[in-house]
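Structure at a glance
Spelled out from the first residue to the last, the chains are:
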Amino acid sequence: MQQAKRLSLIPPYLFGEIARLKRQALAEGKDLIDLGIGDPDQPTPIEVIDHLTEYSHDPSTHCYDESANGRVEFLDQAAVWFKSRFGVDLDPKTEMLELIGSKEGLAHIVWATIDPGDVALVPDPGYTVVKVNTLLAGGTPYEFPLLPENGFLPELEKIPADVVKKAKIIYLNYPNNPTGAIATKEFFQKVVNWARETGVLVVHDCAYSEVNFDGYKAPSILEVEGAKEVAIEMHSLSKTFNMTGWRIGFAAGSPDAIKALNTLKSNVDSKQFAAIALTAGWALNNASNSAALELIKRRRDILVDGLNRLGWSLEKPKATFYVWAPVPPGYTSVTFAKTLLEDANVLAIPGLGYGPHGDGFIRMSLTVNGDKNGERLAQAIERIRDGVKLNW
Ligand SMILES: Cc1ncc(COP(=O)(O)O)c(C=O)c1O
């Protein structure tokens, strides 16, 4: 068998060496504290599981979903949630589309918009799905930096005009993975004004919209005047309700973008199992994620306060599962991640894996398997204090 040449365009897996060291540590029976994965460690709320059981007994969920853009009850419920959460009216028929998770929507919006030679503007550091699919589609990703001095928001005016001319989409993600940064409505208004001038479609990834702390509520870009003409936003139940394995989300926004994505998807997939879609619709307006958020916040406080006692000066992220910490002097992100693993049995992700501008940072995730009340984070801090040379 000969695989398609385009597969060779996928960049090498930068976490390979870390993954090898992790396997080695586990094989040696070491007690690893894994701050690598950004996957909720708590179970899906029991009442959500109960609804899946109920809906899965309904034979109408057992067949292909032949609806135009997703199970109608799900999209109706998602529209109700969107209105109550963001104050934005959405037409489920033209402005919404069921997704098999937001990753699926992010990958396919590229194939629905990027022709060979087109440019996709993508953040560095950033979640890499749009970048990699752009390469596969024969397009060119142009990486713009997210810098700490700008609160990890892009400076759109610094993207060269000839690049913008070739750009079809810009990918943004707030609350942000990996930096934990958040965006204001004023920033989104700037983005929308820019998109109206340039004709570039904004693809906004809102997967972490509900992972908020300290009373903060992340905005949707669709709250901004004119956004529905130029933006499509991806939403997901994965992080909100500990449902990463369920694979359900939705896209909302520009009717043209929704239509293009739907045209592509209807030739690729046959939508999610309707019982999952119905359960997701119920969950959006009835389930609560507050217990899980309380635990994540407790872990965040232990980790950030602990790192600050060891010499860092970190602010507590207001959203996401991630603490994005600069590496101490003399380290790269890869050498520091290796040192943490070898000298403290703590696994963190080197920022380089998210793009060249991530290299001065490591990402520590607050979704820690086996942690009941923050004790594993406290232990991680002790191990770093006792085992790692920090060179401040
Ligand atoms: C920024 C970002 N977007 C999207 C996703 C994918 O989420 P989903 O489970 O909805 O596909 C992730 C998952 O880690 C993510 O970090």
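Calculation rules
- As a convention, each chain's residues are numbered from 1 in the sequence order in which they are written.
- Predicted model: local features are reported for residues with pLDDT of at least 70 only, side-chain atom pairs are reported and counted for 80 or more only, and whole-chain, interface and lining totals are derived from all residues.
- The helix count covers DSSP runs of H or I at least four residues long, the strand count covers runs of E at least two residues long, and both are numbered beginning at the N terminus.
- For the exposure call, what matters is how many other C-beta atoms sit within 10 Å of a residue's own: 20 or more marks it buried, 12 or fewer exposed, and in between partly exposed, using C-beta atoms placed from the backbone.
- Our contact criterion uses C-beta atoms placed from the backbone: two residues qualify when those atoms are within 7 Å.
- Domain boundaries shown here were taken from an automatic or database domain assignment.
- Under the scheme applied, nonpolar residues are Ala, Val, Leu, Ile, Met, Phe, Trp, Tyr, Cys and Pro; charged residues are Asp, Glu, Lys and Arg; polar residues are all the others, including Gly.
- Only strands that DSSP links by at least two bridges are regarded as paired with each other.
- For helices, the fitted axis covers only the stretch in contact; all axes are lines through C-alpha atoms, and the angles between them, taken along N-to-C directions, range from 0 to 180 degrees.
- Think of it this way: take the backbone, place a C-beta atom on it, and check whether that atom is within 6 Å of the molecule or strand, in which case the residue is near it.
- For this analysis, nonpolar core means a set of buried Ala, Val, Leu, Ile, Met, Phe, Trp, Tyr and Cys residues linked through C-beta atoms within 7 Å.

Per the secondary structure count, the protein includes 13 helices and 12 strands. When the backbone C-alpha atoms are referred to their principal axes, the protein occupies close to 60 × 55 × 50 Å. Buried residues in the protein amount to 50% of all 392 residues. In the protein, of all internal contacts separated by at least 6 residues, the share reaching a separation of at least 24 is 75%.

A word on the domain arrangement of the protein. According to the domain assignment, the protein consists of domain 1 (5-44 + 289-387) and domain 2 (46-286). Using C-alpha coordinates to define each centre, domain 1 is positioned 26 Å away from domain 2. Taken together, the contacts link 29 residues of domain 1 with 32 residues of domain 2. Mapped onto the side of domain 1 that touches domain 2, the elements with two or more residues apiece are α11 (290-309) and β9 (322-326). In terms of residues, the side of domain 1 that touches domain 2 owes the most to one element, α11, which gives four residues. A class-by-class count of the residues in the side of domain 1 that touches domain 2 yields 14 nonpolar, nine polar and six charged.

Before going further, it helps to examine the sheet that holds strand β2 (residues 96-99). Reading across the sheet, the seven strands line up as β2-β8-β7-β6-β5-β3-β4 and stay open at both edges, with mixed pairing between neighbours. Across the chains shown, the open sheet's two edge strands, defined by having one partner strand only, are β2 and β4 (140-145). For this sheet, the mean inter-axis angle between neighbouring strands, taken without regard to orientation, is 25 degrees. Two strands pair when backbone bridges link them, and β2 and strand β8 (residues 249-253) are joined in this way by four bridges, in the antiparallel orientation. Directly across from E98, in β8, lies its bridge partner F250.

G101, S102, K103, S236 and S238 are the nearest of the 13 residues found near the ligand. The class makeup of the residues in the shell around the ligand is two nonpolar, nine polar and two charged.

We now examine the pairing of strand β3 (residues 119-124). In terms of burial, β3 is a largely internal element, five of the six residues being buried. Judged from the three bridges that link them, β3 and strand β5 (residues 167-173) form a sheet pairing that is parallel. Each residue of the ladder has a partner; that of L121, found in β5, is I170.

A few words now on the nonpolar core. Of all hydrophobic cores here, the largest spans 117 residues; its most connected members are M96, A120, V202, V203, A251 and V346. A per-element tally of this core places helix α10 (residues 274-286) first, with nine residues. The residues that make up this core include at least three from each of domain 1 (5-44 + 289-387) and domain 2 (46-286).

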